[in-house]
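The chain contents come next:
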Amino acid sequence: MKKKQPQDLKKKVNWLSKLSKDFLWGGAIAANQAEGAYLEDGKGLSLMDIATAGKKGVSRHFTKGVQEDVYYPNHEGIDFYHHYKEDLSLFQEMGFRCFRTSIAWTRIFPNGDEETPNEAGLAYYDDLFQDMLDKGMEPVVTISHYEMPLHLVQKYEGWANRKLIDFYLRFCEVIFKRYKGKVKYWILLNQINCLGGWGEFSSLGLLEGYSKNDVYQALHNQFVACAKATKAAHEISSDLQIGMMLGDDTRYPATCKPEDVFAATRCNQMNLYFYSDVLCQGEYPGYAIRFFHDNDISFDITEEDLKLLKENTVDFLSFSYYFTKVTSANPDASEDNPYLEKSIWGWAIDPLGFRNSLNHYWDRYHLPMFIAENGLG
């Protein structure tokens, strides 16, 4: 004989059987990938404006300024800057309910440290967001998507300098106020945890010769800037929803050998959950403090910083999901999962891993989730 389900549980089961009417289904780009017009209407140079093209097996790299006879794909993109209305009409035909893009920091503050924003840049996004709304698409906007002004790296050495907190906060306050009523959902920093390789330059703005201490100081400064931006947004309007974003890098243990399981746990802690634990839960987790101690890592943290983090956690968690890897206690072991096929790009195809990540994030944070990127590389 079946037990009767409580009425509220029945409602939950019925709701889970179909997507709700306000489910935001759409697509995503980034300003630096799509807009082009890299010096138009007062825009300054960003880090991605000095990034070369790449291909399978060949990474993009950064040049020292814009050089002749070098191809920079971001300079043209898909010319979204001039053709966004036609492109958005195509997305409307596809049934998009939302559209994620980013604001090019250097369209608003060309160098990043100006007192006054560039009106031409602000006006462009006014028109873009209004066109989205007119076509039934909710804007989901990333504030910084690898688009730090190059000047902030050259003069201040990027996020390792605490002055970046104030520059970022000024940028946030300007756009929160300008687009209040048009943009409700904001993502603070694209894939804050994706630092390996060129990420420590494109995300943190660290120059050659940086140390581990520099990396975690830059990250801490980003955390504080995120907390301050969240606080500012909530003071400007209670309608604004602020989210942080991970690049999902969940690792499976290579085998059921306990050493491999523990290696995967450690990897997931410091390469993934560390970032979301700080911004979603508002404090440095114990495993991170132990990691800093064991690896002789130190950086400047104030009591005011810790208070800000605790009192200004984000409203939602967003993440990108493309693939999974495995981790072993043997540092020379392969990261490839023998049970999964790969795309032609070389990324493991793991749809069940997507479900696995969703379950882990929900169980850990109990926050609304937004899949900011998902696809086949």
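In short, a report on the structure. If you're wondering where the values come from, they're calculated on a predicted model, not measured in any experiment. Along each chain, residues carry numbers from 1 onward, in the same order as the chain's sequence is written. At least 70 in pLDDT is required for a residue's local features to be given in this predicted model, at least 80 for side-chain atom pairs to be given and counted, and no such filter applies to totals for whole chains, interfaces and linings, which use all residues. The basis for every side-chain value is the complete set of heavy atoms in the structure, and neither hydrogens nor water enter the calculation.

**Description of the overall build of the protein**
Thinking step 1. Within the protein, the regular secondary structure consists of 13 helices and nine strands.
Thinking step 2. Whereas a compact globule of 377 residues would reach a radius of gyration of roughly 21 Å, the protein reaches 21 Å, a difference of no more than 12%.
Thinking step 3. By principal-axis analysis of the C-alpha atoms, the protein measures approximately 70 × 50 × 50 Å.
Thinking step 4. Each residue is placed in one exposure class: buried if its accessible area under a 1.4 Å probe, protein chains only, is under 20% of its type's maximum, exposed if it is over 50%, and partly exposed if it falls in between. Within the protein, buried positions represent 50% of all 377 residues.
Thinking step 5. Whether two residues touch is decided by their heavy atoms; if any such pair falls within 4.5 Å, the residues are in contact. A fraction of 76% describes how many contacts in the protein between residues 6 or more apart in sequence connect residues 24 or more apart.
Thinking step 6. Of the charged side chains in the protein, 40 are positive and 52 negative; the average position of the first set lies 9 Å away from that of the second. Strands here mean DSSP runs of E at least two residues long; helices mean DSSP runs of H or I at least four residues long; both are numbered from the N terminus. The quantity called the radius of gyration is restricted to C-alpha atoms. Its globule counterpart is 2.2 Å times the number of residues to the power 0.38. By the counting rule applied here, Lys and Arg register as positive and Asp and Glu as negative, while His and the ends of each chain are not counted. To locate a charge, take atom NZ for lysine, CZ for arginine, CG for aspartate or CD for glutamate.

**Some thoughts on the nonpolar core**
Thinking step 1. To form a nonpolar core, buried Ala, Val, Leu, Ile, Met, Phe, Trp, Tyr and Cys residues must be joined to one another through side-chain atoms within 4.5 Å. In this structure, Ile103, Tyr125, Tyr168, Phe176, Trp186 and Phe274 are the most contacted members of the largest nonpolar core, which totals 93 residues.
Thinking step 2. If one sorts the elements of this core by residue count, helix 9 (residues 212-236) sits on top with 11 residues.
Thinking step 3. Once residues lying within four places of it in the same chain are set aside, the contact partners of Phe176 are Ile143, Trp186, Ala229, Ala233, Ile236, Leu240 and Ile242.
Thinking step 4. Of all hydrophobic cores here, the second largest spans eight residues; its members include Cys98, Met245, Phe316 and Phe370.

**So, unusual backbone geometry**
Thinking step 1. The phi torsion at Tyr146 lies on the positive side, around 55°, for a residue other than glycine.
Thinking step 2. With respect to the secondary-structure elements, Tyr146 resides in the loop between strand 3 (138-144) and helix 6 (150-156).
Thinking step 3. You will see that Asp296, though not glycine, has its phi angle at about 55°, which is positive.
Thinking step 4. Its location among the elements puts Asp296 in the loop between helix 11 (286-294) and helix 12 (303-311).

**Here we look at the sheet that holds strand 1 (residues 26-28)**
Thinking step 1. If you walk across this open sheet you meet the seven strands as 1-2-3-4-5-7-9, and the pairing is parallel. This sheet does not close on itself; its edge strands, each paired only once, are strand 1 and strand 9 (369-374). Averaged over all adjacent pairs, the angle separating strand axes in this sheet is 25°, with direction ignored.
Thinking step 2. By the convention used here, strands pair only if DSSP detects at least 2 bridges between them. Where strand 5 (residues 241-247) lies against strand 7 (residues 316-321), five bridges are found, and the strand directions are parallel. Following the sheet pairing, Gly247 is matched in strand 7 by Ser320.
Thinking step 3. Its contacts with the sheet place helix 7 (residues 163-178) against strand 3, strand 4 (185-189) and strand 5, and it is angled at close to 160° to strand 3. Here an angle of 0 to 180 degrees is reported between the N-to-C directions of two axes, which are lines fitted to C-alpha atoms, with helices fitted over the stretch in contact.

**A closer look at the packing of helix 10 (residues 258-281) against helix 13 (residues 351-365)**
Thinking step 1. Two elements in contact, helix 10 and helix 13, have axes whose closest approach is 11 Å; the angle formed by their N-to-C orientations is 35°. The handedness of the crossing between helix 10 and helix 13 is right-handed. Residues Leu272, Tyr273, Ser276, Asp277, Cys280 and Gln281 of helix 10 lie in contact with helix 13, whose contacting residues are His360, Tyr361, Arg364 and Tyr365.
Thinking step 2. Note on residue categories: nonpolar means Ala, Val, Leu, Ile, Met, Phe, Trp, Tyr, Cys or Pro, charged means Asp, Glu, Lys or Arg, and polar means any other residue, Gly included. When the residues that make up the contact of helix 10 with helix 13 are grouped by side-chain class, the tally is five nonpolar, three polar and two charged. Each helix crossing is assigned a hand: it is left-handed if the near helix lies turned anticlockwise from the far helix by less than a right angle, otherwise right-handed if that turn is clockwise.

**Here's the deal with the environment of Leu309**
Thinking step 1. Position of Leu309 among the secondary structure elements: in helix 12.
Thinking step 2. Judged by its relative accessible area of 2%, Leu309 falls in the buried class.
Thinking step 3. The residues contacting Leu309, other than those within four sequence positions of it, are Phe223, Val224, Ala227, Val278, Gly282 and Tyr284.

**Brief notes about the state of the cysteines**
Thinking step 1. The disulfide criterion is simple: two cysteine sulfur atoms within 2.5 Å. The full count for this structure, using the stated rule, is zero disulfides.
Thinking step 2. In this structure Cys172 is not part of a disulfide, and its nearest cysteine sulfur, from Cys226, lies 7.9 Å away.
Thinking step 3. Under the relative-accessibility criterion, Cys172 is labelled buried at 0%.
Thinking step 4. Not engaged in a disulfide, the cysteine Cys194 finds its nearest cysteine sulfur in Cys267; these two sulfurs lie 12 Å apart.

**Concerning the pairing of strand 2 (residues 98-102)**
Thinking step 1. When you tally the buried positions in strand 2, you get five out of five residues, the bulk of the element.
Thinking step 2. Residues Cys98, Arg100 and Ser102 line one face of strand 2 and the alternating positions Phe99 and Thr101 line the opposite face, and both faces are buried.
Thinking step 3. Across three bridges, the pairing between strand 1 and strand 2 is parallel. Within strand 2, the residue paired with Ala28 across the bridge is Arg100.
Thinking step 4. As paired elements, strand 2 and strand 3 share five bridges and run parallel to each other.

**Points about the packing of aromatic side chains**
Thinking step 1. Two rings from Phe, Tyr or Trp (for Trp, the six-membered ring) form a pair when their centres are within 6.5 Å of each other. A pair whose planes differ by under 30 degrees is stacked, one over 60 is edge-to-face, and the rest are tilted. Scanning all chains against the criterion turns up 37 aromatic pairs.
Thinking step 2. Considering the side-chain rings of Tyr273 and Tyr361, the 6.3 Å spacing of their centres and the 80° angle between planes classify their relative orientation as edge-to-face. You can see Tyr273 sitting in helix 10 and its partner Tyr361 sitting in helix 13, a full 88 residues away along the chain. Here Tyr273 matches Tyr361 in class, with each residue buried.
Thinking step 3. Here Arg107 stacks its cationic end above the ring of Tyr124, 5.9 Å away from the centre of that ring.
Thinking step 4. Its guanidinium or amino end placed over the ring of Tyr273, Arg364 lies 4.1 Å from that ring's centre, counting from NZ or CZ. We count a charge as sitting over a ring when the NZ of a lysine or the CZ of an arginine lies within 6 Å of the ring centre and within 35 degrees of the ring normal.

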